[in-house]
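What follows is each chain in one-letter form.
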Amino acid sequence: MNKIDKELQDILRDKVHGSTELLNSLLNYFIKHQDNIKLVKNDLNKIQKKFSHFPVIINFINDIEAIVSGNKQISLHTYLKNSKKKNENEFKKIFNAAKPELLNCTTILTISHSRTSIRIFALWKKFSSKLKVIICESRPNNEGILMAKELSKLGIECEIIPEAMTGTVIKEVDAVILGADQILPIGDIVNKVGSRLLAVLAKYHHIPVYVLASTSKKVENKIIPPMDKKNNKNNRSKDGIIKLRNYEFEEVEKKLITKIFTD
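For the structure given in this document, a descriptive report is provided here. Being a predicted model, the structure only gives us computed values, none of them experimental.

**Description of the environment of Gln73**
Thought 1: If you trace the backbone, Gln73 turns up in the loop between α4 (55-68) and α5 (76-102).
Thought 2: The class for Gln73 is exposed, based on a relative accessible area of 77%.
Thought 3: Separated by 30 residues in the primary sequence, Gln73 and Asp43 place their C-alpha atoms 21 Å from one another.

**Focus: empty space enclosed by the protein**
Thought 1: One pass over the structure, following the stated rule, counts one cavity of 30 Å³ or more.
Thought 2: Approximately 60 Å³ is the volume attributed to the largest cavity.
Thought 3: Lining the largest cavity are Thr20, Leu23, Val56, Asn87, Glu90, Phe91, Thr116, Ser214 and Ser216.
Thought 4: Elements with a minimum of two residues in the lining of the largest cavity: α2 (19-32) and α5.
Thought 5: Looking at which element gives the most residues to the lining of the largest cavity, the answer is α5, with three residues.

**Some remarks on the pairing of strand β6 (residues 189-192)**
Thought 1: Taken together, the two bridges between strand β5 (residues 182-183) and β6 define a ladder with antiparallel strand orientation. Counted as the bridge partner of Ile183 is Ile189 from β6.
Thought 2: Hairpin connection between β5 and β6: a loop of five residues separates the two successive antiparallel strands, and Gly187 in this loop has a positive phi of roughly 100°.
Thought 3: In the sheet, β6 pairs with strand β8 (residues 249-252) via four bridges, with the strands oriented antiparallel. By the bridge assignment for β8, Val190 is matched with Glu251.

**A word on the layout of surface pockets**
Thought 1: When its volume is computed, the second largest pocket comes out at roughly 220 Å³.
Thought 2: Around the second largest pocket, the lining comprises 13 residues; the ones closest to its centre are Asp63, Tyr79, Ser83, Lys86 and Asn87.
Thought 3: For the lining of the second largest pocket, the secondary-structure elements that each account for two or more residues are α2, α4 and α5.

**Brief notes about the environment of Ser25**
Thought 1: Counting through the fold element by element, Ser25 comes out in helix α2.
Thought 2: Judged by its relative accessible area of 24%, Ser25 is partly exposed.
Thought 3: Sequence separation between Ser25 and Lys85 is 60 residues, and the spatial gap between their C-alpha atoms is 14 Å.

**Focus: the pairing of strand β3 (residues 157-161)**
Thought 1: Bridge analysis of strand β2 (residues 132-136) against β3 gives five bridges, and the strand direction is parallel. Looking at the pairing, Cys136 lines up with Ile161 of β3.
Thought 2: Once the chain exits β2 it traverses helix α7 (residues 143-153) before rejoining the sheet at β3, and the crossover so formed is right-handed.

**Let's talk about the packing of α2 against α5**
Thought 1: The N-to-C vectors of α2 and α5 enclose an angle of 155°; their axes lie 10 Å apart at closest approach. By the angle between their directions, the pair α2 and α5 is classed as roughly antiparallel. The way α2 lies across α5 gives a crossing that is left-handed. Touching Thr20, Leu23, Asn24, Leu27, Asn28, Phe30 and Ile31 of α2 are Leu80, Ser83, Lys84, Asn87 and Phe91, all from α5.
Thought 2: Taken together, the residues that form the contact of α2 with α5 break down as six nonpolar, five polar and one charged.

What counts as what
- Residues numbered from 1 in each chain as written.
- Predicted model: local features only at pLDDT ≥ 70, side-chain atom pairs only at ≥ 80, totals over all residues.
- Heavy atoms only, no water.
- Helix = DSSP H or I, 4+ residues; strand = E, 2+ residues; numbered from the N terminus.
- Buried < 20%, exposed > 50% of the residue type's maximum accessible area, 1.4 Å probe, protein only.
- 1 Å grid on protein atoms, 1.4 Å probe; cavity = no way out; pocket = protein on both sides within 12 Å on 5 of 7 lines; lining within 4 Å.
- Points joined across faces, edges and corners; volume = space filled by probe spheres on them.
- Pairing = 2+ DSSP bridges.
- Right-handed = clockwise from strand over helix to strand, strands pointing away.
- Axes fitted to C-alpha atoms, helices over the stretch in contact; angles between N-to-C directions.
- Parallel < 35°, antiparallel > 145°, perpendicular 65-115°, else oblique.
- Left-handed = near helix turned anticlockwise from the far one by under 90°.
- Contact = heavy atoms within 4.5 Å.
- Nonpolar A, V, L, I, M, F, W, Y, C, P; charged D, E, K, R; others polar.

What follows is the structure, encoded as structure tokens:
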């Protein structure tokens, strides 16, 4: 495997970062190799197949495919440059939309690793020096630990907890913040497994649940994420009773969500 192949494979094998972070990695990858149109064309199908459940990535890949096929009247260079700028502005727009509600909160509970949430927490910190973020470990891949490390570098107080502690910790928080990999027409979202647990607990304790996500996450129909064969293999004990089941994504119903903020 050459250096360029390894670059892409590292992105395709990434199970820790959310769709916004993965999109940013793919954007940087294509910016770096935009002059190699043959390479770009060859990579599109691999990316589309691997991230078929992430609409923000599929829309991005479809646009690039249209450009390199001559069906979209814009240069690849210009499209990538505009996409980079657009992504940076999205975070500010989402924060400004949610700002009136967010600034009423100090202690937050969240889950997984979300680039959108990280960027918004950074903006939030400028207005609220006492902001504290409690983050679930986010098993099986422990994305929450990575998110805590990134937030701590921004000077944001963080606390990592196992998902099993959320029933107790929920009493200490002002709001639950979730990202979204898909926003469905009916108002449900698809996000990291464990998100629904937080939303149900928050509903019971009358705590608001805010979803922060770009409009590019909206889909007409739910896209079923591919099953992780490694985590969901038919691994039964000798007596055939015990079986491992460990999905990475789940749906959170609209009735459990206080409000969705987008750009």
